[in-house]
Amino acid sequence: MFDKVKRRASALAAAPALIVALPVALLALPLTVHAQGPVVPERPAGRPIAARPAPATSPGRAAISRPAARITPRIAAVPAGAATPDPEKARARTLMHQIIRLTNGERAEAGCPRLGVDHELIVAAATQSAYMARTRLFSHVWRDGSTFAMRIQRTGYRSPAGENIAWGYSTAPEVMKAWMASPGHRANILNCGTKSMGAAIAYASDGTPYYTQVFGWR
C-alpha cells in the first residue's frame, strides 16, 4: 500500500499542471495560503522550519461528495526470506504513522474527535512532500500556481480543509512540537471540525526530510 501511494504521488508531482474546474470560492482562498518558505538551490540553510500553514477552508466552500474510503495505517512485519526493505521508505513510513498518532494524541487532549486516515489525503500529502524534496521549493503553492486545495481535489477528495508543511526535523516529536508551537499550525491540528487526515515524508537527494500533513472535512 505504501509503495502504491508513493508511485501515485510521484506521478502527480511530476505531471504537468492540470486545468481543474473549481468553485470560485476555492480560487479565492485567503492570501495566507500563498505563504512561502525559503527557495533554495541546493540544501536549505539554517535551522529546520515549518512554513506558515495553509489555513483551513470552510466546509461550505469546498464541493462535497461521498466520503473517501478510510484506511487503517499499519506497519506489516516483513516475512522471513523477503527482500530487505528500502531503509528510506521504512523510515518515511514509520514517521508517517508517528505523526498520525501524535496528531490524534494532541486532538484527544484538546477534546477533539480522532481523525480517520484517508487514502486520498495520504496521496495528496505524499505528492506535496515529493514535490518539495525534488524542487526544494518550500511552499504551499507550486510553480504552476496550484494550491493545496487543488492538489487534494485532484486525488478525488472533494472537501479539503488545511495543510501543514515542514522540513529538516529528524523525528516526528520534533516536527509536531514545532507545529504545536505555531498558532496557525496548531489551529489546523486542533480544528475539531475536521474528520480525516493524511501525512507523508519525502527525502531530498541529500537526505533532508520534507513533511506534509493535510486535513479534510469528510
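All figures in this text were calculated on a predicted structure; none of them were measured in a lab. (Residues numbered from 1 in each chain as written. Predicted model: local features only at pLDDT ≥ 70, side-chain atom pairs only at ≥ 80, totals over all residues. Heavy atoms only, no water.)

### Details of the pairing of strand S7 (residues 209-216)
Most of S7 is tucked away: eight of the eight residues are buried. Taken together, the seven bridges between strand S5 (residues 160-167) and S7 define a ladder with antiparallel strand orientation. Opposite Gly-162, over in S7, you have Phe-215 as the bridge partner. Of the pairings in the sheet, the one linking strand S6 (residues 196-203) to S7 comprises eight bridges and is antiparallel in character. By the bridge assignment, Ser-196 is partnered in S7 with Gly-216. The hairpin formed by S6 and S7 contains five residues between the paired strands, and Gly-207 there has a positive phi angle of roughly 95 degrees. (Buried < 20%, exposed > 50% of the residue type's maximum accessible area, 1.4 Å probe, protein only. Helix = DSSP H or I, 4+ residues; strand = E, 2+ residues; numbered from the N terminus. Pairing = 2+ DSSP bridges.)

### Some thoughts on the state of the cysteines
The tally for this structure, following the rule as stated, stands at one disulfide. The disulfide bridge from Cys-112 ends at Cys-192, spanning 1.9 Å between sulfur atoms. Linking Cys-112 and Cys-192, the disulfide has an S-S dihedral of approximately -60 degrees and is accordingly described as left-handed. Of this pair, Cys-112 sits in the loop between helix H3 (87-110) and strand S3 (116-117) while Cys-192 sits in the loop between helix H7 (183-189) and S6, and the two are 80 residues apart along the sequence. Classification of Cys-112 by relative accessible area gives buried; the value is 8%. (Disulfide = S-S within 2.5 Å.)

### Some words on the pattern of salt bridges
Tallied over the full model, the rule gives two salt bridges. Arg-136 is the salt-bridge partner of Asp-206, the closest N and O atoms lying 2.7 Å from each other. Of the two residues, Asp-206 sits in the loop between S6 and S7 while Arg-136 sits in the loop between helix H4 (119-135) and strand S4 (137-139), which places them 70 residues apart along the sequence. Of the charged contacts in the structure, one is a salt bridge between Glu-163 and Arg-151, with a shortest N-O distance of 3.5 Å. One end of the pair, Glu-163, is in strand S5; the other, Arg-151, is in helix H5 (residues 148-154), and 12 residues separate them in sequence. Just as Glu-163 is buried, Arg-151 falls in that class too. (Salt bridge = Lys/Arg side-chain N within 4 Å of Asp/Glu carboxyl O.)

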